[in-house]
There are 2 protein chains.
Amino acid sequence: MVVKVAINGYGTIGKRVARAAALQPDMVVVGVVKNRPNWEALSAYRLGFPLYVPEDRVEAFEKAGMRVEGTLEELLQKVDVVVDATPGGVGAKYKSLYERAGVKAVFQGGENSSVAEVSFNALANYDAAVGKRFVRVVSCNTTGLIRLIVAMRELGRVRSVRAVLVRRGADTKEVKKGPIEGLILKPAKPPSHHAEDVKTVIGDIDVLTYAVVAPTTLAHMHLVRFELEEPVTREDVIRALETTPRIMLVKASLLSSTAELREAFRDSGRPLGDIYENAVWEDSVWVSGGEVWVAQAVHQEAIVVPENIDAIRAVMGVSDKESSIKITNETLGIRGWFA
Amino acid sequence: MVVKVAINGYGTIGKRVARAAALQPDMVVVGVVKNRPNWEALSAYRLGFPLYVPEDRVEAFEKAGMRVEGTLEELLQKVDVVVDATPGGVGAKYKSLYERAGVKAVFQGGENSSVAEVSFNALANYDAAVGKRFVRVVSCNTTGLIRLIVAMRELGRVRSVRAVLVRRGADTKEVKKGPIEGLILKPAKPPSHHAEDVKTVIGDIDVLTYAVVAPTTLAHMHLVRFELEEPVTREDVIRALETTPRIMLVKASLLSSTAELREAFRDSGRPLGDIYENAVWEDSVWVSGGEVWVAQAVHQEAIVVPENIDAIRAVMGVSDKESSIKITNETLGIRGWFA
């Protein structure tokens, strides 16, 4: 079966999921929805994605030189599933439309978790999403944390997780957001929302998160402490990280910052220089008894892309977890190392 | 007794220590040493600090309109103690000169700890420096950590200290340093040097530090985890912070970032808008049993200034710890709160 996919919203996430879905042998992107004829719409059009727009905008798009195939409502009649990549909080407003059209929907982490039956991470709870109608892929920071937790759980029971998330202030394309200077403790009172968001996927766990917003656009950096029930060795931890899909070990002697890391992936020829993996610094792994510390970078624009692809397969029930992760990773060139 | 003080180096630290020393009733700044007739030298001259320069630079200074009082060697003959605020690593080269001149010296944290008999923090080990000849005031991040540790020790035995230091990349005046973008895990392999530096002052303690360099100039931000032997309450922790000198509690509802914090102190009229205190976000204090988390900002240019003043009194043996801290705090306007 080839899954017919619509993408509603062609911004940071939508455009990446559209490209990634187009690479899947078992998916076809029937159309993308854009509300304004801006440069991102033009980019979609030039890549050959059929454009669907609100009825009252057809003229504006055609004036801007873009052929329009129809409206969102018309697109929904042609597809099995829609990936909602509209701005945070907007997806919930479209839900009833998706419902009436009888399509399944994959929402993003900017929505409240109540929008969906399941909050999703492929490694952690693929099976819980199988056959569901509404699924929500958790946000970039939460995805990064969950993958690490999954890896640590390979080593035994995780007693607690403590994370300091140094967050990028905005994406490179966002010119109206800050900070351009300063560090913001946001919120000052812990936990940041990421702790609760982790629990929407992996259930009850003792997790505390602090978030500091920094004046950079390239990636988040996480410093994470785990307390495991049983003592482990550093080698155990490295092995668990190496064998967990979508975690990539990097050596600081090659790449010691988010700046070099992003540039290395631009060099690599991936679309938009995207990094789909957690980039864990191997050097940073520190172990004492059951206490484990790990530092990683998370490319905020890209890390949820493979999760969206797997979420499509899960809701459609067309693949099991291992097969889906495998094919997504192969088509996107995801690997476990940088060297 | 009035202590006769020389300041060697009039950069970020030197100029602040000179101003602070000039405010002390028991100190007089006999002169400051500058090697180049730049804008900072001009600033010192205009503030009325007698200038001492290398013999072969006298002409350059006088050409630039600054009267020169003599050389470093001549200045050392007139003083009891020199505060060495030369660039990191340079202080050690002057040590033999100080030795021959028979003056005591207070070095900065940029020097190796072996330069001095004692590494110093007023709260933690004032008495160990009393009467010593060579003392080293530890650096800004280390000073910030040590003050917090002293506060937590009021609550019982501290089993371990874990800190993530989000460091400012450069000071505002430094235009040749970065990063202008990106986050650097530096070093990637823990501990960062701060953990060892803490031990030079407070001896054996289980401490691990990670440092992330961020593209900002205003202040560092620390996220610190303590594990105490005995359970405590949040109120216990707040009280310990409130009653520890040079720790200031701030509320995020007033100031939620290093940007607002620095601006608030510029508004306050302090020289250079300096913040001598650890600025601890009251909201950030999180307690569970013996586990305590605290977030604080550290103004890297200013936090060691009161420590240098106390170090002068300690080496000269002119005051006990409590009196010295009290008078330093009063003269610099240091307080325990922001509201």
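Just so we're clear, the structure is a prediction, and the values are computed from it rather than from any experiment.

> What am I meant to see in the overall build of chain A here?
Each helix and strand in chain A was counted, giving 12 helices and 15 strands. Taken over the C-alpha trace, chain A has a radius of gyration of 20 Å; the compact-globule value for 339 residues is 20 Å, and the two agree within 12%. With the C-alpha coordinates aligned to their principal axes, the bounding extent of chain A is approximately 65 × 45 × 40 Å. Taken over 339 residues, chain A has a buried fraction of 56%. When contacts within chain A are restricted to residue pairs at least 6 apart in sequence, those whose partners lie at least 24 apart make up 69%.

> In this structure, what is going on with the interface of chain B and chain A? I would like to understand it.
How big an interface is tends to be stated in terms of accessible area lost as the parts join. In this assembly, 35 residues from chain B lie in contact with 35 residues from chain A. At the level of elements, strand E8 (158–168), strand E9 (184–185), strand E10 (207–214), strand E11 (220–228), helix H10 (258–267) and strand E15 (291–298) of chain B are the ones that each hand at least two residues to the side of chain B that touches chain A. Here the side of chain B that touches chain A is composed, by residue class, of 22 nonpolar, 7 polar and 6 charged.

> I keep staring at the sheet that holds strand E3 (residues 51–52) of chain B and nothing clicks. Help me out?
Strands belonging to one sheet form pairs held by backbone hydrogen bonds; the direction of such a pair is parallel or antiparallel. Residue and element names in this part refer to chain B. Read from one edge to the other, the open sheet built from 7 strands follows the order E3-E2-E1-E4-E5-E7-E6, with strand pairing classed as parallel. The open sheet terminates on both sides in strands that have one partner only, identified here as E3 and strand E6 (118–120). Strands E6 and strand E7 (134–137) of the sheet are contacted by helix H6 (residues 122–129), whose axis makes an angle of about 150° with E6.

> Sorry, what's going on with the relation of the copies chain B and chain A here?
Between the two copies of the chain lies a relationship made up of a rotation around an axis and a movement along it. Between the two copies, chain B and chain A, the superposition gives an RMSD of 0.0 Å; the rotation angle is 180° and the shift along the axis is 0.0 Å. This pairing of chains is accounted for by a two-fold axis. For chain B, the smallest separation between a C-alpha atom and the rotation axis is recorded for Pro215 of chain B, amounting to 3.0 Å. Interface overlap between copies is the fraction of interface residues in one copy that are interface residues in the other; for chain B against chain A it reaches 100%, indicating a shared surface.

Parameters at a glance
- Residues numbered from 1 in each chain as written.
- Chains lettered and ligands numbered in written order.
- Predicted model: local features only at pLDDT ≥ 70, side-chain atom pairs only at ≥ 80, totals over all residues.
- Helix = DSSP H or I, 4+ residues; strand = E, 2+ residues; numbered from the N terminus.
- Rg over C-alpha atoms; globule rule 2.2 N^0.38 Å.
- Buried ≥ 20, exposed ≤ 12 C-beta atoms within 10 Å, placed from the backbone.
- Contact = placed C-beta atoms within 7 Å.
- Nonpolar A, V, L, I, M, F, W, Y, C, P; charged D, E, K, R; others polar.
- Pairing = 2+ DSSP bridges.
- Axes fitted to C-alpha atoms, helices over the stretch in contact; angles between N-to-C directions.
- Least-squares fit on C-alpha atoms with pLDDT ≥ 70 in both.

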